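# Chains, contacts and geometry: an overview
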Amino acid sequence: MVKSLAEADPQNLMRIPTWRKSSGLGRTGQPATAFIDTSVYQESWLERQAQLHFFAHYYDGSIYRQAAEWARGNAYSPSVTPPSIYLNYARLIIDRLSAFSFDRVRGVALGEETISSRGESPLGEEAASPAATFLGGFLHHSQFLQQLTSIAREALLFGDVLLRLVHTPASSFPLAFSLIPAEEFDYEHDPRDIGQVRFVRREFRYSDAAGVLRIHREDILPDRCLYYRDEVQSGSHLLRRGKMLAMTVLGGGRPQPLAVEREVLHPFGFIPAVHLKNRPRPGEKFGESELADLTPILDDINWKVSQRSRNISRTMNAILKNVNGRLVQDQLDDTQIVTVLGDGAQLEYLVNDSDIGAVQTHLEELKQALTHLTGVVMMSPEKLTSVGPLSGFALSILYEPLINAAKSKRRTLGSGIERFLQMVLEAGARLGQLTQAEASAYAPRLSYEPDLHFSEAEKLTRLKRELLAKQSGLASDAPLTATDES
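## Re empty space enclosed by the protein
- Within this structure, the stated rule accounts for one cavity of 30 Å³ or more.
- The volume enclosed by the largest cavity comes to roughly 70 Å³.
- Looking at the largest cavity, the residues that line it are Tyr58, Gly61, Ile63, Tyr64, Tyr86, Leu87, Asn88, Tyr89, Ala90, Leu298 and Asn302.
- Listed by contribution, the elements that provide at least two residues to the lining of the largest cavity are helix H3 (89-102) and helix H9 (295-316).

Encoded structure:
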């Protein structure tokens, strides 16, 4: 697991690119012994880039306009036609799970102290510990906690994201952070131990002032960072637009090694970055997207919605019934006003009803399958409003799958975020802002608001039960107010 990265150019801080201009990057070799520079690894790297594009197109809703990529990514036959319309459940799943998991972060617990999301300590600056003051300064200047939902969204959608700690001596605070998306980073590790990281590599593409597409590359080692001269991106215009990634895999070509432009020693003594993996698996280098097992279900939903739409359209195609009269027009279309002549003439519509019950039942089963796999509750607004006001207890039962899924993300992604905050304290010691004892005395922990808010009546009932339990000797003298009401 990646544990650290190095200082970067300040202009790249918080650079979260639109999807995704870094497709089709050619890999270059330095050092020559790196496995990630071999032709064997290059092919798997390009396949991973194609998979990341695949998930991104599901998220933005454009996947059904990319018929070839859609069929290849799902292993469908080329003769299969994508649905004609779509509902973007992919975005709903990713956004709702990331928001529910980390929107409720209210601060960081550091021992007995709690630092708010704005970097403030309830004890005040004078009474706060040096570690809390330093970490509070980082949270205040970087607004780190306010961006946890965006960080989680990247990890849930693409399976991975890298949090990079950056030394900024010229700024008001000496540390900042940068988010590196999944398609821009890779790392070399010991072939026998994936946790022994040798160096981290970052690559991304950009257009210079003249509109020329260039590739930027950095190799970050435990003691230094290598910056390479930005080179012009080779390949066809279609390749640069990310449309023919598979052709690069088949061709196997890549540009010549880039020349080292500068080498910078960094002050940390470790690689200052934390790799966040979604759904981590032992021994696997990268995490897994939340959409990895869902795309066939999403397709099936959209096929069924298309089928239901066609059935409704057939239902609305009315049949004219003329009684005791005659139609003026010989041919009818939807642009004409129909006129009937004759005494007592009538014109009626006979609706050809179409049973869509089976389609609707299948749709509900598919939505329930999404809930089982992701935890995101797929309840329609009509059903939710028909239930009426719900108590906090009833809501907790209804949203139990989502609460459990959020807690799972807090254990995996949240623990990685807490390791990053520990790294901030360690960097403060390396920079002389803290002593080593002060930096290692605390283990930062994210503090969360309750997932569901209970009514005042429910709170009073709970308090009454605790009082009765104490009077009966069934409970200790612990505080009656709990911090987690979920």
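Moving on from the model shown.
## Details of the environment of His216
- Take His216: it is sitting in strand E7 (residues 213-220).
- If near-sequence neighbours (up to four positions away) are discounted, His216 is found in contact with Arg202, Glu203, Phe204, Tyr206, Tyr227 and Asp230.
- In terms of polar contacts, His216 uses its side chain to reach the side chain of Asp230, at 2.9 Å.

## Examining helix H10 (residues 357-374)
- Across its 18 residues, H10 extends 26 Å between first and last C-alpha, which sits within 8% of the 26 Å expected from 1.5 Å per residue.
- For H10, the complete set of buried residues consists of Val359, Leu363, Leu366, Lys367, Leu370, Thr371 and Thr374. For H10, the buried positions fall inside an angular range of 145° around the axis, keeping them on one side. Away from its buried face, by an angle of more than 90 degrees, H10 presents the exposed residues Ala358, Glu365 and His372.
- In the stretch just after H10, Gly375 is the one whose phi turns positive, near 90°.

## What to know about the sheet that holds strand E16 (residues 445-448)
- Sheet architecture is open: three strands sit in the order E2-E1-E16, paired in antiparallel fashion. Pairing within the sheet leaves two strands with one partner each, and these edge strands are strand E2 (113-116) and E16. In this sheet, adjacent strand axes meet at a mean angle of 40° when their direction is disregarded.
- The pairing of strand E1 (residues 105-110) with E2 spans four bridges and is classified as antiparallel. Bridge pairing links Gly107 to Ser116 in E2.
- Taken strand by strand, helix H5 (residues 130-142) contacts E1 and E2, and its axis lies near 15° from that of E2.

## Concerning the confidence of the model for the protein chain
- Averaged over every residue, the pLDDT of the protein chain is 80; the share at 70 or more is 73%.
- The secondary structure element of the protein chain with the lowest average pLDDT is helix H8 (residues 245-251), at 40, and the one with the highest is helix H6 (residues 148-158), at 97.
- The model gives residues 236-255 a pLDDT under 50, and that stretch makes 32 contacts with residues more than four places away or in other chains.

## Regarding the nonpolar core
- Formed by 80 residues in total, the largest nonpolar core has its most connected members in Phe138, Phe144 and Leu446.
- Here the element with the most residues in this core is helix H13 (residues 400-430); it accounts for 13 residues.
- Counting 22 residues, the second largest nonpolar core, distinct from the first, contains Phe199, Cys225, Tyr227 and Phe286.

Conventions adopted
- Residues numbered from 1 in each chain as written.
- Predicted model: local features only at pLDDT ≥ 70, side-chain atom pairs only at ≥ 80, totals over all residues.
- Heavy atoms only, no water.
- 1 Å grid on protein atoms, 1.4 Å probe; cavity = no way out; pocket = protein on both sides within 12 Å on 5 of 7 lines; lining within 4 Å.
- Points joined across faces, edges and corners; volume = space filled by probe spheres on them.
- Helix = DSSP H or I, 4+ residues; strand = E, 2+ residues; numbered from the N terminus.
- Contact = heavy atoms within 4.5 Å.
- Polar contact = N/O pair within 3.5 Å; in protein donor to acceptor, adjacent residues only side chain to side chain.
- Expected span 1.5 Å × (residues − 1).
- Buried < 20%, exposed > 50% of the residue type's maximum accessible area, 1.4 Å probe, protein only.
- Arc of directions from axis to C-beta.
- Pairing = 2+ DSSP bridges.
- Axes fitted to C-alpha atoms, helices over the stretch in contact; angles between N-to-C directions.
- pLDDT = per-residue confidence, 0-100.
- Core = buried A, V, L, I, M, F, W, Y, C linked by side-chain atoms within 4.5 Å.

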